[in-house]
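Chains, contacts and geometry: an overview
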Amino acid sequence: MIEVTNLTKRYGEHVAIDNLSFRVEKGQIYGFLGPNGAGKSTTMNILTGYIAASGGTVTIDGKDIQKQPEEAKRKIGYLPELPPLYMEMTVEEYLAFVAQLKRIEAKERRAQIQKVMEMTQISDMRGRLIRNLSKGYRQRVGLAQAVLGDPEVIVLDEPSVGLDPKQIIEIRDLIRELGKNHTIILSSHILSEVSAVCDHIMIIAHGQLVASDSPEGLQKLMSGSMELQLTVKGDEEALKAALEAVPAIESVKTEAGHTPGLAKAAAVFKEGADAREEIFYALAQAKLPVMEMIPVQKSLEDIFLELTEDVKPKEKTRKGLFGGRPSKNAQKDEESEDAAAGESAAESGTEPADAKEEQ
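In short, a report on the structure.

Cut-off values and rules
Residues numbered from 1 in each chain as written. Predicted model: local features only at pLDDT ≥ 70, side-chain atom pairs only at ≥ 80, totals over all residues. Heavy atoms only, no water. Helix = DSSP H or I, 4+ residues; strand = E, 2+ residues; numbered from the N terminus. Buried < 20%, exposed > 50% of the residue type's maximum accessible area, 1.4 Å probe, protein only. Core = buried A, V, L, I, M, F, W, Y, C linked by side-chain atoms within 4.5 Å. Contact = heavy atoms within 4.5 Å. Pairing = 2+ DSSP bridges.

Moving on: the environment of Q28. Tracing the backbone through its elements, the reader meets Q28 in the loop between β2 (14-24) and β3 (29-33). A relative accessible area of 27% means that Q28 is categorised as partly exposed. Distance from Q28 to G179, taken between C-alpha atoms, is 6.6 Å for residues 151 residues apart in sequence.

Bringing the nonpolar core into the picture now. V91, L95, V141, L156, I184 and I203 are the most contacted members of the largest nonpolar core, which has 47 residues in total. Those residues in contact with L95, other than ones at most four positions away along the chain, are I113, V116, M117, I122, V141, A144, Q145 and L148. By size, the runner-up hydrophobic cluster in this structure holds 28 residues, among which are I2, L7, A72 and M202.

Turning next to the pairing of strand β8 (residues 183-187). β8 sits mainly inside the fold: five of its five residues count as buried. Of the two faces of β8, the one lined by T183, I185 and S187 and the one lined by I184 and L186 are each fully buried. As paired elements, β3 and β8 share four bridges and run parallel to each other. For G31, the partnering residue across the bridge sits in β8 and is L186.

In structure tokens, the structure reads:
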């Protein structure tokens, strides 16, 4: 559906996007993650035709966003982080204005507007001035304008920013519903939200793709050696001796339990090994009853930090499923503030003037 090839964006000497390549398949919800200054919003602005790339190509359903902008943009609905709303218009007036901009045929406009208002649950607000709406309803109006015209691809940049927990859940449910009929690219700093709604996750750092897989695939591949947390009835020394006798265990760390008579341990298995059955029999033989046995899995937050915190700008990375994973020995980048400044400049250059004044 979307093909990004060797995409590059420079701001003077600063490289905001560095030869970024990825594919977005039809009918899926993609999460687009990265720290501040990673190039997320810049990438989205290029995908939607708001700004031009310094190099590389972006095609939407075979249409080049630079060479065939009108054909490509018809296939995209875009909700920026700050929705481009006109505060002195009513909700219905604003959507009618957007329908004209999108060149929706006059005979279809009323039905299309009614459809997106019902979809985003703003029908009751149709006659209200946008400036009198809550943050949650303004976000819904922004989402309605993105969906208007029934585009095949919907790009959402931080759709839940500034919303309360109830509003976040409502927007999340709405995104899931939209995902049944549209391809969605979702950028968010709320990793639990991405994990809950996305079929596929892409992580970038300093304009480079460092991971691309399903949430489950990322967890599996980043877990490495399995770790098991154990609580047994007995003492530390007996527990440590029993575990160290298991050949498939690489390391053991023990501690006294908070409850008298209990001991705890964290056992790390050798690469690719699963020693749970051996552990069970070893502890039974040592007469250490198992009270608790919990496999430890990395969260999406752990994976995100591991993949992004040590990436250098323009660092050459290994090829593979991750699109090149960074070296573990890389030093923390001292140019991250410049990266954030460059991306911020890109965003401010694309926001409509009216939205700037009102926001």
